[in-house]
Amino acid sequence: MTNGPLQGIRITEFTSAWAGPYATCLLALLGAEVIKVESRKRIDHSRFIAFSMGKTFTGPDESSVFDNLNLNKKGVCLNLSQPEAVEIAKKLAAKSDIVIENMRPGVMPRLGLGYDVLATLKEDLIYLSSSSCGQIGPDREFIGYAPNFASIGGLSHDTGYPDWPPSNLMGFIDLKSATTAAYAMLMALIHHQKTGEGQYIDLASQETVAILNSDMLLDYILNQRVNLRKGNKDEIMSPHNCYPCKEDDRWISIAVSTDEEWQSMCRVMGNTELADDKRFADVYNRWINQEALDETIGRWTETLDDYEVMILLQEAGIAAAPSLNSERLFADPHIQAREVFRSINHPVIGKNWVVAPPWRLSETPAAITHQSPLLGEHNHEVLNGLLGIPEEEIEKLQAEKVVY
Amino acid sequence: MEQTALDGVKVLEFCSRIGGAYCTKLMADMGAEVIKIEPPARGDDARRRGPFQGDTPHPEKSGHFLFLNSNKLGVTLDPRSPAGARLFKSLVEDIDILVVDTPPGMMEKFGLGYDSLKKLNPGLIMTAITAFGMTGPYKDYRAAHLNISHVSGQGYMLPIPSPDMSRPPVMPGGSKGGYDIGITALVAVLAADYWKGVSGKGQFLDISRQEALMAMQRIEATGFRNAGRSVDRSAETHRRRIGGMMACKDGYITVIVPQEHQWNSLLELMGNPEWSQEPDCQDPNKRLDQADEINQRIADFIKDYTRREIVKLGQSFSIPFSPVNTAQDIVESEQFNAVGFFKSITHPVMGEVKFPSAPYRFSKTPWSIRRTAPLLGEHNEIIFCDRLGVSREELIRLRQSDII
């Protein structure tokens, strides 16, 4: 338990993969008690594969990915293909403030765990369903993963270079959907706090990506324009790109917004000719001539280390930062000073690294208090402690593969 | 009128970037009263960003501003002068949540730091969204969204895949960026508001834009320590994967088969071709050694279909195929229109506009539009005169001195 702002809130989740689990992970970091219902029968695949890392695991408790997405939660095994397991799940829901699920639309109702049923057991329940396309509409039963949400939501089409294919986006796409689900649950929780009323939320992952692309949607709506990929280009600023540095595959991102900044940059580059060059004299001309401009800047940056350029330019008040990979994020002095990476002692994995909660709350800090649950780690605590099922009964249920 | 989830929550926004503006827009859309402060005369930077209706730059015709500020009240105020700071303080006295995105130390310079403001309003939740957070060696560094995308580890991995590593990595495309920061901040803001409802207490929230994006990239960001590798964008990194972007008659589709039953369904769809029966192809790990050849075969199968045809066919076999959508595809999508993703709004200058609403449906407190984005200074009289008691004459003087 943490001293987080959501202490006292209980959430039961029926989710797997990334988009569902990370939604409740965020709330668990903020102090909510999250009980994850899962089963050996149909195991969460993030316990076995690290999709974007191209890595597989041999046992269910070895996944650093699962750990990073399920921190602070309790885990209980219920094989929902067994009616007795469904009855236990109902009891759990009845003791929860929020239920979240991300099964294919129709599955939860078929199991007897739909909102209509659970709301009769707990009238003021908040229940969020997260699916690819939503619970209604012609595509409602379509299945999808992060790359699908990104492509349907328009982000694949818009990311990359115009002369290359669209981007096959992964990881962070699911986490956009998860973050959206997390704030949606909190909106419903605040409504509940004021009125005592629960409700049902139908969230579509593909829409969580599309809505963040609204500028593009509105360009089509207002001007019938279909934008294409444009690399790092901005519609106004130039320079606005990544420039090569001395070592192989090292890049510095630079964004200049005003003429004053441009003049400062020329001084840092020690290039008075450039400062007087009419082609780059103002925002308009710099944008029109950005290819020549990018080339000139690249010739300067490739003589320097990326961090050197960052410091030189930042000291002159210009936005510049390196393009970092995982190894260099770990080595970065600012990230170290802010303790953005934390190591967790996991009983099976050993030392596992995770990213800290992305907010610092002065009075009710978010915190990592427990590694992700081992499969069935909290069976007794939840089934006996919370629901009062006697230990002998739990053993029997385990033998019958109900608690499984 | 339908009830709203955040009815009674009062928010003040003093932001010039997307993250803060989007965070408060989401609250406004769900019923919070949000007062947006813009610089006098010039207005918010977003008013100078496209898409503009009819491609005509105009402060009241920006689709970008329209999207980011729906349901907000708008005032103009420059808090740098003592008179401006006094009015700012009067506004703060009566609110629950203040969101600012000024650099660290700037609010203190105006006499409007958290320590001063909490004396006026002990229940205040003040949220500061900054580039690198309130502490640490880079806290005073500047950063456009381009820089944050790259220094958070996101840009380095894009586009996926990159056929030519001498070309710079890119930021995620589409919209102008920063929306992810808004939704991340919102989770903590709402949790703090919930806590205020429990305890009556306010607090200060430090949100780093860099950390918000790192949290969303948490699996890949920790890859170096947890999996011994830093994922990059090279074709080699992404080679051992079945699926990806595949061209068909009218664009691309995304193919992904993370689960073995989906792989088997894909083979069934393709008529169980002979090559797929080879032992090396049956073994999920050995299969990856020939990912290039297999992907070529899948691409050959797909190329003569339209996106809609092959996606429907694939999904009927429970294979997660999806179209790579452009903005036009989304605006015209049967699914997006069936769920009511787009709503019609009427703006005093732009007229009727088809408008992206939200990626979720709340059963009791649905998304609703009560007012479109404010015209510049639209609510100055209502807020300053009617609410704070500034006389009409005083308002004129404040206008003439560029304070309002």
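Nothing here was measured: the structure is a model prediction, and the numbers come from that model.

A.B. asks: So what's going on with the overall build of chain B? Which residues, and what values?
C.D. replies: Assigned secondary structure in chain B consists of 19 helices and 12 strands. By principal-axis analysis of the C-alpha atoms, chain B measures approximately 85 × 50 × 45 Å. A burial count over chain B gives 63% of its 404 residues as buried. Expressed as a percentage of contacts within chain B between residues at least 6 apart in sequence, the contacts between residues at least 24 apart total 70%. Counting only carbon and sulfur atoms, one obtains 49% of the accessible surface of chain B, whose full area is about 14700 Å². A distance of 4 Å separates the average location of the 48 positive side-chain charges in chain B from that of its 49 negative side-chain charges.

A.B. asks: Talk me through the overall build of chain A; I want residue IDs and the actual numbers.
C.D. replies: When you go through chain A residue by residue, the secondary structure sums to 19 helices and 14 strands. Based on the C-alpha atoms only, the size of chain A along its principal axes is roughly 85 × 50 × 40 Å. Burial analysis of chain A (404 residues in total) assigns 66% to the buried set. For chain A, the proportion of contacts with a sequence separation of at least 24, taken over those separated by at least 6, is 67%. Carbon together with sulfur atoms contributes 49% to the accessible area of chain A, which is approximately 14100 Å² in total. Averaged over its 36 positive side-chain charges, chain A has a centre that lies 4 Å from the centre of its 55 negative ones.

A.B. asks: Lay out the pattern of salt bridges with the relevant residues and their values.
C.D. replies: Residue and element names in this part refer to chain B. If you walk through the whole model with that rule in mind, you get 50 salt bridges over all chains. Here Glu-13 makes a salt bridge to Lys-36, at a shortest N to O gap of 2.6 Å. You can see Glu-13 sitting in strand 1 (residues 10–14) and its partner Lys-36 sitting in strand 2 (residues 33–38), a full 23 residues away along the chain. In this structure Lys-36 comes out as buried when scored by relative accessible area, which is 0%.

A.B. asks: Describe unusual backbone geometry, and please don't skip the residues or the numbers.
C.D. replies: Across the junction of Ser238(A) and Pro239(A), the peptide omega takes the value 0 degrees, indicating a cis bond. By secondary structure assignment, the location of Pro239(A) is in the loop between helix 10 (214–223) and strand 9 (240–244). For the peptide bond that leads from Leu158(B) to Pro159(B), omega is 0 degrees, which places it in the cis range. Position of Pro159(B) relative to the elements: it lies in the loop between helix 6 (145–151) and helix 7 (179–199). Although it is not a glycine, Asn72(A) sits at a positive phi angle of roughly 70 degrees. Residues other than glycine seldom take positive phi values, yet Asn71(B) does so here, at roughly 70 degrees.

A.B. asks: Pulling in residues and values, what's your account of the domain arrangement of chain B?
C.D. replies: Domain annotation for chain B reports domain 1 (10–217 + 345–400) and domain 2 (243–329). Just the C-alpha atoms count here: the centres of domain 1 of chain B and domain 2 of chain B sit 42 Å apart.

A.B. asks: Can you break down the sheet that holds strand 2 (residues 33–38) of chain A residue by residue, with the values?
C.D. replies: Strand order across the open sheet formed by seven strands is 5(A)-2(A)-1(A)-6(A)-7(A)-8(A)-12(B), with mixed pairing between neighbours. Looking at which strands have only one partner, the edges of the open sheet turn out to be strand 5 (74–77) of chain A together with strand 12 (360–362) of chain B. On average, each strand axis in the sheet is tilted by 15 degrees relative to the strand beside it, whichever way the strands run.

A.B. asks: How would you summarise the pairing of strand 7 (residues 126–131) of chain A if you had to cite specific residues and measurements?
C.D. replies: All names here are of chain A. Among the six residues of strand 7, six are classified as buried, and the element is accordingly described as predominantly covered. Judged by which residues are buried, strand 7 turns out to be covered on both faces: Ile-126, Leu-128 and Ser-130 on one side and Tyr-127, Ser-129 and Ser-131 on the other are all buried. Direction of pairing for strand 6 (residues 98–101) relative to strand 7: parallel, over a ladder of four bridges. When the sheet's bridge partners are listed, Ile-100 is paired in strand 7 with Leu-128. With six bridges connecting them, strand 7 and strand 8 (residues 199–204) associate as parallel partners. Residue pairing for strand 8: Tyr-127 is matched across the bridge by Tyr-200.

Each value, and the rule that gives it
- Residues numbered from 1 in each chain as written.
- Chains lettered and ligands numbered in written order.
- Predicted model: local features only at pLDDT ≥ 70, side-chain atom pairs only at ≥ 80, totals over all residues.
- Heavy atoms only, no water.
- Helix = DSSP H or I, 4+ residues; strand = E, 2+ residues; numbered from the N terminus.
- Buried < 20%, exposed > 50% of the residue type's maximum accessible area, 1.4 Å probe, protein only.
- Contact = heavy atoms within 4.5 Å.
- Areas by Shrake-Rupley, 256 points an atom, 1.4 Å probe, with all protein chains shown as cover.
- Lys, Arg positive; Asp, Glu negative; His and termini not counted.
- Charge placed at Lys NZ, Arg CZ, Asp CG, Glu CD.
- Salt bridge = Lys/Arg side-chain N within 4 Å of Asp/Glu carboxyl O.
- Domains from an automatic or database assignment.
- Pairing = 2+ DSSP bridges.
- Axes fitted to C-alpha atoms, helices over the stretch in contact; angles between N-to-C directions.

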